Amino acid sequence: MAEVLVAFGGNVGDARRNVARAIDAFCEAPLVRLRARSSDYLTPPWGVTDQPPFINACIAVTTGLSPHDLLAHARKVETRLGRERGRETRWGPRPIDIDLIAYDDLVLNDGTLVLPHPRVAERAFVLVPLAEIAPGRLIGSSTVRDLLARVDRSGIERLP
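Reading the values: rules and limits
Residues numbered from 1 in each chain as written. Predicted model: local features only at pLDDT ≥ 70, side-chain atom pairs only at ≥ 80, totals over all residues. Heavy atoms only, no water. Helix = DSSP H or I, 4+ residues; strand = E, 2+ residues; numbered from the N terminus. Rg over C-alpha atoms; globule rule 2.2 N^0.38 Å. Buried < 20%, exposed > 50% of the residue type's maximum accessible area, 1.4 Å probe, protein only. Contact = heavy atoms within 4.5 Å. Areas by Shrake-Rupley, 256 points an atom, 1.4 Å probe, with all protein chains shown as cover. Lys, Arg positive; Asp, Glu negative; His and termini not counted. Charge placed at Lys NZ, Arg CZ, Asp CG, Glu CD. Pairing = 2+ DSSP bridges. Salt bridge = Lys/Arg side-chain N within 4 Å of Asp/Glu carboxyl O. Phe/Tyr/Trp six-rings, centres within 6.5 Å; stacked < 30°, edge-to-face > 60°. Polar contact = N/O pair within 3.5 Å; in protein donor to acceptor, adjacent residues only side chain to side chain.

Caption draft 1: Representation of the overall build of the protein chain in the model. The helix and strand tally for the protein chain stands at four helices and 10 strands. The linear arrangement of helices and strands in the protein chain, starting from the amino end, is β-α-β-β-β-α-β-β-β-α-β-β-α-β. Its C-alpha atoms give the protein chain a radius of gyration of 14 Å, near enough to 15 Å, the size a compact globule of 160 residues would have. Looking at the 160 residues of the protein chain, the share that counts as buried comes to 51%. Nonlocal contacts in the protein chain, meaning residues at least 24 apart in sequence, comprise 69% of its contacts between residues at least 6 apart. Total accessible area on the protein chain stands at roughly 8,000 Å², and carbon and sulfur atoms take up 50% of it. Positive and negative side-chain charges in the protein chain, numbering 21 and 20 respectively, have mean positions lying 2 Å apart.

Below, the structure is given as structure tokens:
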């Protein structure tokens, strides 16, 4: 079984409910077992900044699914919750986004999937919730804790 870190976020509709529903649906798949879930965080938009804030959370799972099968499963969950990737602005508003952050220590870049996630070291909205559940986890050659120490965390608020 592989250990996988997964990030969830959204800012359209009831974003907090969408994140919760996406996590539940993601973990309902055969061969996916939830190991840890972060708190929800209110985070400023990244990339396209003229949009509402996001709700973000991360989970750690174990899975027997391959990286590509897990990605396909994530995309199905996104579609079921109303995401239309072909009609969106890159980094713009969306009801849900699911990103595979790390799959064991696998390094992969095959045109369909890049692991670890290529921008994880720049994204406090991913690193803050990850640090809550897996601070010592290595992503590449750095721990989540060390990656988080290098980014600006301003504007990120842990929700009750």
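Caption draft 2: Representation of the pairing of strand β5 (residues 97-103) in the model. Of all seven residues in β5, seven are buried; the element is thus mostly enclosed. Bridging between strand β1 (residues 2-10) and β5 involves six bridges; their strand directions are antiparallel. Directly across from V4, in β5, lies its bridge partner Y103.

Caption draft 3: The pattern of salt bridges, seen in detail. Enumeration according to the criterion identifies 10 salt bridges in this entry. The salt bridge partner of D40 is R16, with a shortest N-O separation of 2.7 Å. Pair noted here: D40 is in the loop between β2 (32-37) and β3 (41-43) and R16 is in helix α1 (residues 15-27), with a separation of 24 residues, a long-range link. By relative accessible area, R16 is classed as partly exposed at 32%. In this structure, the salt-bridge partner of R94 is D97, at a minimum N-O distance of 3.9 Å. As far as burial versus exposure is concerned, R94 and D97 are alike and both buried. What you see here is one network of salt bridges that share partners, running through R75, E78, R83, R85, R94 and D97.

Caption draft 4: View of the packing of aromatic side chains. In total, this model carries two aromatic pairs according to the counting rule given. Note on F8 and F26: the rings are 5.8 Å apart at their centroids and 85° apart in plane angle, and the pair reads as edge-to-face. Note that F8 is positioned in strand β1 and F26 in helix α1, a separation of 18 residues in sequence. According to the relative accessible area criterion, F26 is buried, its value standing at 0%.

Caption draft 5: Just helix α3 (residues 124-133), in detail. In terms of burial, α3 is largely enclosed, as nine of its 10 residues are buried. Along α3, the positions that sit buried rather than exposed are A124, F125, V126, L127, V128, P129, L130, A131 and I133.

Caption draft 6: Seen up close, the side chain of T63. Its place among the elements puts T63 in strand β4 (residues 54-63). A distance of 2.7 Å separates a polar atom in the side chain of T63 from the backbone oxygen of L31. The contacts of T63, once residues within four sequence positions are left out, are M1, A2, V4, L31, V32, L70 and Y103.

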